[in-house]
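Read off the chains here:
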Amino acid sequence: MRIVVLVSGTGSNLQAVIDAVASGSLELTIAAVGADRPGTYGVERSAAAGIDTFVVDFKAFEERSDWDAALLDKVRSYQPDYVVSSGFMRIVGAKFIEAFPNRYLNTHPALLPAFPGAHGVRDALAYGVKVTGCTVMYADAGVDTGPIIAQRAVEVLEGDSEESLHERIKIAERELLIETLRQLTSF
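What counts, and at which threshold
- Residues numbered from 1 in each chain as written.
- Predicted model: local features only at pLDDT ≥ 70, side-chain atom pairs only at ≥ 80, totals over all residues.
- Heavy atoms only, no water.
- Buried < 20%, exposed > 50% of the residue type's maximum accessible area, 1.4 Å probe, protein only.
- Helix = DSSP H or I, 4+ residues; strand = E, 2+ residues; numbered from the N terminus.
- Right-handed = clockwise from strand over helix to strand, strands pointing away.
- Pairing = 2+ DSSP bridges.
- Salt bridge = Lys/Arg side-chain N within 4 Å of Asp/Glu carboxyl O.
- Contact = heavy atoms within 4.5 Å.
- Axes fitted to C-alpha atoms, helices over the stretch in contact; angles between N-to-C directions.
- Parallel < 35°, antiparallel > 145°, perpendicular 65-115°, else oblique.
- Left-handed = near helix turned anticlockwise from the far one by under 90°.
- Core = buried A, V, L, I, M, F, W, Y, C linked by side-chain atoms within 4.5 Å.

Engineer: What should I look at first to understand the pairing of strand 5 (residues 104-108) in this one?
Structural biologist: Side-chain direction in a regular strand flips from residue to residue, so the side chains alternate between the two faces of the sheet. Within strand 5, five of the five residues are buried, leaving the element largely enclosed by the surrounding structure. Once the chain exits strand 4 (residues 82-85) it traverses helix 4 (residues 94-99) before rejoining the sheet at strand 5, and the crossover so formed is right-handed. Direction of pairing for strand 5 relative to strand 6 (residues 131-138): antiparallel, over a ladder of four bridges. Looking at strand 6, one finds that Thr107 is bridged to Val136.

See below:
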């Protein structure tokens, strides 16, 4: 199985996948890692691991549709079985989603459908939930509305801050992503 991973930041989920592949506990090929802006640590991590990298800089395009088309062309060039959004903070267009039906995975730091969007952890804390967690899903044209593949619960502890809770969710999210990819390789 070949994957392309898309990142916007540090790539901590990506590093977990790189480590699992390197250790032999996850049998797949990371064909490439791409970012939506230059200077992401996720791309640096990948290059250091000998993985092809690319940047399709969102700010280099006047029209969002042109960026989306360029991203689609670049990702397609690696012929992935799956595309993994790993902290990728851009919403891709319908043509991108249609090119990878039920093959574009996304992670989210909440138990969807609760608390979609960019602030799932903050929103869960503000609501006062006692349990939140993370979700791996197939991305669709909505915001965190795609079919759910797997979820893991994380308890909200007394005195949790957004940062402390998010760190525990990230641990669960990395484990869940690896497990999900492992299951997909067995199909």
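Engineer: Would you take a moment to explain the pattern of salt bridges for this structure?
Structural biologist: Opposite charge on two side chains permits them to pair, given that their charged atoms come into close proximity. Following the criterion strictly, the structure yields six salt bridges and no others. In this structure, Arg152 and Glu175 form a salt bridge, with 3.0 Å as the shortest nitrogen-oxygen distance. Taken as a pair, Arg152 in strand 7 (residues 148-155) and Glu175 in helix 6 (residues 162-185) lie far apart in primary sequence, 23 residues in all. Take Arg152: its relative accessible area is 22%, and that puts it in the partly exposed class.

Engineer: Can you walk me through the environment of Val5 in this structure?
Structural biologist: You can see Val5 is positioned in strand 1 (residues 2-7). Using a relative accessible area of 2% as the deciding quantity, one classes Val5 as buried. Remark: the alpha-carbon pair of Val5 and Phe88, spanning 83 residues in sequence, is separated by 8.8 Å. Sequence-distant contacts of Val5, defined by excluding residues within four places in its chain, comprise Leu14, Ile30, Ala32, Val33, Gly34, Val84 and Ser86.

Engineer: So what exactly am I meant to see when it comes to the side chain of Thr40 here?
Structural biologist: If you trace the backbone, Thr40 turns up in the loop between strand 2 (29-35) and helix 2 (41-48). Once residues within four sequence positions are removed from consideration, Thr40 is found in contact with Val7, Ser8, Gly9 and Ala35.

Engineer: What should I look at first to understand the packing of helix 1 (residues 12-23) against helix 2 in this one?
Structural biologist: Axes are the key here: two packed helices are described by the angle between their axes and the distance separating the axes. Taken N-terminus to C-terminus, the directions of helix 1 and helix 2 make an angle of 15°; their axes are 9 Å apart at the nearest point. It follows from the interaxial angle that helix 1 and helix 2 lie roughly parallel. The crossing of helix 1 and helix 2 is right-handed. Counted together, Ser12, Leu14, Gln15 and Ile18 of helix 1 and Gly42, Arg45 and Ser46 of helix 2 form the full contact between these two elements.

Engineer: I tried to follow unusual backbone geometry on my own but got confused; where do I start?
Structural biologist: Negative phi is the rule for most residues except glycine; trans is the rule for most peptide bonds. Here the bond from Leu112 into Pro113 is cis, since omega is 15°, no more than 30 degrees from zero. Turning to its location among the elements, Pro113 is positioned in the loop between strand 5 and helix 5 (120-127). The residue Gln79 is not glycine, and still its phi comes out positive at about 50°. Its location among the elements puts Gln79 in the loop between helix 3 (64-76) and strand 4. Phi angles above zero are rare outside glycine, and Asn102 is one such case at about 50°. Locating Asn102 in the fold gives a position in the loop between helix 4 and strand 5. Residue class for Asn102 comes out partly exposed when judged on its relative accessible area of 47%.

Engineer: Is there a simple way to think about the nonpolar core in this case?
Structural biologist: Buried together is how nonpolar side chains tend to be arranged in soluble globular proteins. If you look at the biggest cluster of nonpolar residues, it comprises 37 residues, and the most contacted ones within it are Ile3, Val5, Val17 and Ile30. Taken together, the elements giving at least two residues each to this core come down to strand 1, helix 1, strand 2, strand 4, helix 5, strand 6, strand 7 and helix 6. Here this core takes eight residues from helix 6, the largest share from any one element. Ignoring sequence-local partners within four residues, the contact set of Ile3 consists of Val17, Leu28, Thr29, Ile30, Ala31, Ala32, Pro80, Tyr82 and Val84. Counting residues in hydrophobic clusters, the runner-up holds 21 residues, among them Val4, Val56, Val83 and Ala99.

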